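These are the residues of each chain, in order.
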Amino acid sequence: MNDNSCIIKYDELSVEAIAESGQCFRITGCEDGSYRIIALGRVLTAAQEENGAYRFSCSRAEFDSVWKDYFDLDKDYELYKSIVLPGDEYLKKAISFGKGIRILNQDPWEMLISFIISQRKSVPAIRTSVERMSRLLGEAIEDSGEFAFPKPEALATAKEEELSSCGLGYRVEYIRNAAELTASGELDLEAFKGLETPELIEKLMELKGVGIKVASCVALFGYHRLDTVPVDVWMKRVIETVYGGELPEEYAPYAGVLQQYMFNYARINKVGI
C-alpha cells in the first residue's frame, strides 16, 4: 500500500463481510489479508489494522468524496436493526454473524450485467466471468494492472467469441441486448432512479433475461432500494423454514438490508439443508 493512504474506523464496517455477502463481485481477498476493490473506475486497497480500523489506499479527500458513499457510511445501520422483532432469534444471530455488512452504492449498469450473469452460477463463477469480461473489454485503470467494468458500447460491439470466452453461455444474448439498448440510449438506466420501486422492477423485467430475482438484485444493489428483497434459493429456504412463508410486515421498510444478513448467514451456515 502506498503512502497516499488514510485510516478510517467504523464499528459497523467489515470489508470481509461485504465481500462475502453476495452483493458485489469485484472485492477480492489478497494473500496478505487485505482486500482489493475495483469499482467506479478506480482501484482501492483496504487493509484492516489490529484495532479494527482500515487503512485505505487513497487520500482522505478521495475517501470522503468517493468511497464514503460507496460503503454507505452516512447511513445509520442501528436504525435498520432497531426494527428487528424481539423474538426473532434467527435474525439476531444473522446480524451478529454478519456484523459490518452494508449495502454498497454500486453502478446500476454494472449490477444489471453482473446479475444477468449470476443466473445459475456460483459466486466464484460469477467473479471469474466478470473479471474475464473486464480484462478483455474494460478500460485500463491507470497503471494499476486492473480494468474497469466494460462500458455498454464495448459489450454492444464485442464479438460473439469474445463474450463466449468469458463463460457467459446462454447469457450472451441477454447481455448483448442490454448493452445495445443502453449504448443507443433507448435504455436509460440513470432515468430509472426517479421511478418508484415497483415501476423500477417492472421496467427492469422488460429486458431479455431479467426476471424478478435479477430485477430485485439490481434494484437493491444498483439503486439502493432498501425495501427490496431478492429471493434466491437461500432466501426462499429462510422465508419458508424460519418465517413460515412470509417475512414480518414490520421489516418492510428496510427488508433489503435485513435480508442481506439473513442470506449471508444462511448461505455460509447452510441453513435449511
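We now turn to the structure provided with this report. (Residues numbered from 1 in each chain as written. Predicted model: local features only at pLDDT ≥ 70, side-chain atom pairs only at ≥ 80, totals over all residues. Heavy atoms only, no water.)

Here the focus is the overall build of the protein. Secondary structure summary: the protein contains 13 helices and five strands in total. Over its C-alpha trace the protein gives a radius of gyration of 19 Å, about what one expects of a compact globule, namely 19 Å for 273 residues. Dimensions along the principal axes, computed over C-alpha positions, put the protein at roughly 55 × 45 × 35 Å. The proportion of buried residues among the 273 residues of the protein is 52%. Long-range contacts, defined here as pairs at least 24 residues apart, represent 68% of the contacts in the protein between residues at least 6 apart. Split by element, the accessible area of the protein, about 12,900 Å² in all, is 48% carbon and sulfur. If the 31 positive side-chain charges of the protein are averaged to one point and the 44 negative ones to another, these points end up 4 Å apart. (Helix = DSSP H or I, 4+ residues; strand = E, 2+ residues; numbered from the N terminus. Rg over C-alpha atoms; globule rule 2.2 N^0.38 Å. Buried < 20%, exposed > 50% of the residue type's maximum accessible area, 1.4 Å probe, protein only. Contact = heavy atoms within 4.5 Å. Areas by Shrake-Rupley, 256 points an atom, 1.4 Å probe, with all protein chains shown as cover. Lys, Arg positive; Asp, Glu negative; His and termini not counted. Charge placed at Lys NZ, Arg CZ, Asp CG, Glu CD.)

Turning our eyes to something else, we now look at the sheet that holds strand E2 (residues 27-29). The five strands lie next to each other as E1-E5-E4-E3-E2, forming an open sheet whose pairing is antiparallel. Two strands bound the open sheet, and with one partner strand each, they are strand E1 (6-8) and E2. Along the sheet, successive strands turn relative to each other by an average axial angle of 25°, direction set aside. Judged from the five bridges that link them, strand E3 (residues 35-39) and strand E4 (residues 42-48) form a sheet pairing that is antiparallel. By the bridge assignment, Ala39 is partnered in E4 with Arg42. Docked against the sheet, helix H2 (residues 60-70) engages E1, E2, E3, E4 and strand E5 (54-56), running at close to 40° with respect to E1. (Pairing = 2+ DSSP bridges. Axes fitted to C-alpha atoms, helices over the stretch in contact; angles between N-to-C directions.)

Here we come to the nonpolar core. Residues Leu91, Leu112, Ile113, Met133, Leu155 and Met262 are the most contacted members of the largest nonpolar core, which totals 66 residues. Examining the composition of this core, we find that eight residues originate from one element, helix H11 (residues 212-223), more than from any other. In this structure Leu112 touches Ala178, Leu187, Leu189, Leu207, Val210 and Val218, once residues within four positions along its chain are discounted. Of all hydrophobic cores here, the second largest spans 23 residues; its members include Cys6, Ile27, Phe63 and Phe71. (Core = buried A, V, L, I, M, F, W, Y, C linked by side-chain atoms within 4.5 Å.)

If you trace the backbone, Glu180 turns up in helix H9 (residues 172-184). Accessibility expressed as a relative area gives 40% for Glu180, which makes it partly exposed. Along the sequence, Glu180 and Glu153 sit 27 residues apart, while their C-alpha atoms lie 7.2 Å from each other.

Before going further, it helps to spend a moment on the pattern of salt bridges. One pass over the full model with this rule turns up 18 salt bridges. Across the salt bridge formed by Glu49 and Arg55, the nearest N and O atoms sit 3.2 Å from each other. Look at Arg55 and you get partly exposed, because its relative accessible area is 29%. Between Arg135 and Glu146 there is a salt bridge; the shortest N-O distance is 3.2 Å. Placement of the pair is Arg135 in helix H6 (residues 123-137) and Glu146 in the loop between H6 and helix H7 (152-156), with a sequence separation of eleven residues. In this structure Arg135 comes out as partly exposed when scored by relative accessible area, which is 41%. When salt bridges with common partners are traced through the structure, they connect Arg26, Arg36, Glu131, Arg135 and Glu146 into a single cluster. (Salt bridge = Lys/Arg side-chain N within 4 Å of Asp/Glu carboxyl O.)

A cluster of acidic residues, Glu196, Glu199, Glu202 and Glu206, forms a negative patch at the surface. Residue position: Glu199 is located in helix H10 (residues 197-204). Take Glu199: its relative accessible area is 38%, and that puts it in the partly exposed class. (Patch = residues over 30% accessible without salt bridge, like charges linked within 9 Å, V, L, I, M, F, W, Y side chains within 5 Å.)

In short, the description is geometric, and any link to function would need to be established separately.
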